[in-house]
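Reading the structure
Spelled out from the first residue to the last, the chains are:
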Amino acid sequence: MSARRGCFSRWGFSSRPHRNTTQVQPAVVPLSSESELVPCFAGELAMGEQNPTSWKYTWKITNFSSLTQKKYYCEVFMIGGNAWRILIFPKGNEVECLSIYLDAPDSTRLPAGWSRSTRFRLILVDQDDYGCSKIKETEHNFTARESDWGFTSFIPLSEVHDSCNGYLVNNTLTIVAEILGPHPPVENTQLAEPPANIPQATPTDTFDTYFTNLEEIIKAAQSSPARGGSNTSNQKSVLSTSEAPTLEEVENAKQSLKECLSDIFKLNVKDRLAEAMSTLSIAKSGLSLDQQKSVEAFWANFDEFTSDFLTFEQDNAEFELQKLLKDQMFATMKKNHETHISYKQLLGDLTKEEEELNKKLEEVKSKREKLISNWEILMVESEEAKSGHKDQAKKVAEAEEKKRIAEERMSRSTTAWSNLKTLFG
């Protein structure tokens, strides 16, 4: 493909997106430990939301300045059952710019006429300030003829290596490919064996990776000790009397206080506790000296104790609510992981069924090919018979003409013979 003129976009002056046409044996750069594939959701994730609006694959390339080959691929990653990989030219694809493309690695193994329309972003991450990252977005209909698409002049190499920018930090370059949803379903076809330099990915690789990580989170949550709270609460309500209570009233107040203190503080015993404390605080008899001091100290700070307990009640209620929501999320994760296991089993059954159908299909194809072969042989034999029939028709015509001439001559000879026999017989 000839070079294209640049155009101005909201990300700066750059070449228009196009496919890579350079035929160079690529190198597959292994994933670093920090490379990852993650789902992205629009806004805040709502409870029960399952469908991401896009997927981001992050490729960290270490020792970038030491790369010597013309072009490199990342390892294959799966999204929506479709295989993808990032292609880069670290020294530019015939230009003094970093060239970045998105590639469909299984294009040679897909059936004739396949296509995959995809909108995607390619991002060169500014590791000092993500907001300054270089972002380019495009849409392309991937086919066997155009199996990769991207930007030849993504960014000048001088900007990549400029230490004032955050693109190359500790000789590490970070590139992100964001596949924007919705994603087309994987092509329903039997694929040939992949080339040796391309890792063979299966449609479930993405799911297995994600749910394996989810299982680790579930196990970690199950092994961590449950956190709870202790309930301690006090409250005051003013119920004073001008006269000292009788001994019977003091005993009743003591019994009520005892019952209130038999359990942790509850909001519904506030009035009962306040009444008991009010009575005991002005009692002249029926209490020991220590009991009187304790009642007076508690009653003097009753409002403060009440405030402490009320605050605790509110915070504890909030804690219990958040804990309940967390437990609900955990239950959802466990349920979804169990569903994932059942899906894997179902996929295994479907794979076996598919293999059996493919085997039958191969048998039918074999019979069809044999029938076509016999048919072709029959056509060849028929053509030979037709040609022979035409030749024989000519020979028959020639023989018939000879026979006619012979009959005429025979007729003359027979007449002469009869005359001779008449005269001399």
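As recorded in an unreviewed UniProt entry, the chain goes by Protein RESTRICTED TEV MOVEMENT 3-like isoform X4 and comes from Rhodamnia argentea.

1. Quick look at the environment of Gly 166
Structurally, the position occupied by Gly 166 is in the loop between helix 1 (157-161) and strand 13 (168-169). Residue class for Gly 166 comes out buried when judged on its relative accessible area of 1%. For the pair Gly 166 and Asp 128, spaced 38 residues apart in the sequence, the C-alpha separation amounts to 5.0 Å. Setting aside residues up to four positions removed in sequence, Gly 166 forms contacts with Val 125, Asp 126, Gln 127 and Asp 128.

2. Section: helix 5 (residues 289-300)
Each α-helix winds once per 3.6 residues, and so residues spaced three or four apart point in a common direction. Taking 1.5 Å of rise per residue, 12 residues should cover 16 Å, and helix 5 covers 17 Å from first to last C-alpha, within 8% of that figure. On its buried face, helix 5 sits against helix 4 (270-281) and helix 6 (302-424).

3. As for the nonpolar core
Of all hydrophobic cores here, the largest spans 35 residues; its most connected members are Phe 64, Ile 86, Ile 88, Leu 98, Leu 124 and Leu 173. Taken together, the elements giving at least two residues each to this core come down to strand 5 (54-61), strand 7 (77-79), strand 8 (82-89), strand 9 (97-103), strand 10 (115-124), strand 12 (148-156), helix 1 and strand 14 (172-180). Apart from the residues within four sequence positions on either side, Leu 98 is in contact with Phe 64, Phe 89, Pro 90, Leu 124, Phe 151, Thr 152, Ser 153, Phe 154, Ile 155, Leu 157, Val 160 and Leu 173. Counting 15 residues, the second-largest nonpolar core is a separate cluster that includes Val 250, Ala 253, Leu 287 and Phe 302.

4. Some points on the pattern of salt bridges
Summed over the entire model, instances satisfying the criterion amount to 11 salt bridges. Here Arg 121 makes a salt bridge to Glu 178, at a shortest N to O gap of 3.1 Å. Taken together, the residues Arg 121 in strand 10 and Glu 178 in strand 14 connect sequence positions 57 residues apart. A relative accessible area of 24% means that Arg 121 is categorised as partly exposed.

5. Let's talk about unusual backbone geometry
Its identity as a non-glycine residue notwithstanding, Glu 94 has a phi of 65°, on the positive side. Judged by its relative accessible area of 63%, Glu 94 falls in the exposed class. One non-glycine residue, Asn 170, lies in the positive phi region at around 55°. When you line up the elements, Asn 170 lands in the loop between strand 13 and strand 14.

6. Some remarks on the packing of aromatic side chains
A full pass over the atoms with the stated rule returns 5 aromatic pairs. Relative to Phe 77, the ring of Tyr 57 lies with its centre 4.1 Å away and its plane at 10°, an arrangement referred to as stacked. Pair noted here: Tyr 57 is in strand 5 and Phe 77 is in strand 7, with a separation of 20 residues, a long-range link. Its relative accessible area of 5% is what places Phe 77 among the buried residues. Between Phe 89 and Tyr 101, the ring centres sit 5.8 Å apart and the planes meet at 75°, which makes this aromatic pair edge-to-face. Highlighted residues: Phe 89 in strand 8 and Tyr 101 in strand 9, separated in sequence by 12 residues. Judged by relative accessible area, which is 0%, Phe 89 ranks as buried.

7. As for the confidence of the model for the chain
The predicted coordinates ought not to be read in detail in places where the model reports low pLDDT. Taken over all residues, the pLDDT of the chain has a mean of 77, while the share at 70 or more is 75%. Confidence drops under a pLDDT of 50 for residues 1-16, and excluding neighbours within four residues, the segment shows 28 contacts in the predicted structure. pLDDT under 50 marks residues 185-201. Its contacts with residues more than four places away, or in other chains, come to 34 contacts.

8. Considering the side chain of Thr 152
Position of Thr 152 among the secondary structure elements: in strand 12. For Thr 152, a relative accessible area of 7% translates into the label buried. Among the polar contacts listed, one links the side chain of Thr 152 to the side chain of Tyr 101, at a separation of 2.8 Å.

9. Examining the pairing of strand 9
Most of strand 9 is tucked away, with 7 of its 7 residues classed as buried. Where strand 8 lies against strand 9, 5 bridges are found, and the strand directions are antiparallel. In the sheet register, Ile 86 faces strand 9, and the bridge partner there is Leu 102. Pairing between strand 9 and strand 12: 6 bridges, direction antiparallel. The residue bridging Leu 102 from the neighbouring strand is Trp 149, located in strand 12.

Criteria and thresholds
- Residues numbered from 1 in each chain as written.
- Predicted model: local features only at pLDDT ≥ 70, side-chain atom pairs only at ≥ 80, totals over all residues.
- Heavy atoms only, no water.
- Helix = DSSP H or I, 4+ residues; strand = E, 2+ residues; numbered from the N terminus.
- Buried < 20%, exposed > 50% of the residue type's maximum accessible area, 1.4 Å probe, protein only.
- Contact = heavy atoms within 4.5 Å.
- Expected span 1.5 Å × (residues − 1).
- Core = buried A, V, L, I, M, F, W, Y, C linked by side-chain atoms within 4.5 Å.
- Salt bridge = Lys/Arg side-chain N within 4 Å of Asp/Glu carboxyl O.
- Phe/Tyr/Trp six-rings, centres within 6.5 Å; stacked < 30°, edge-to-face > 60°.
- pLDDT = per-residue confidence, 0-100.
- Polar contact = N/O pair within 3.5 Å; in protein donor to acceptor, adjacent residues only side chain to side chain.
- Pairing = 2+ DSSP bridges.

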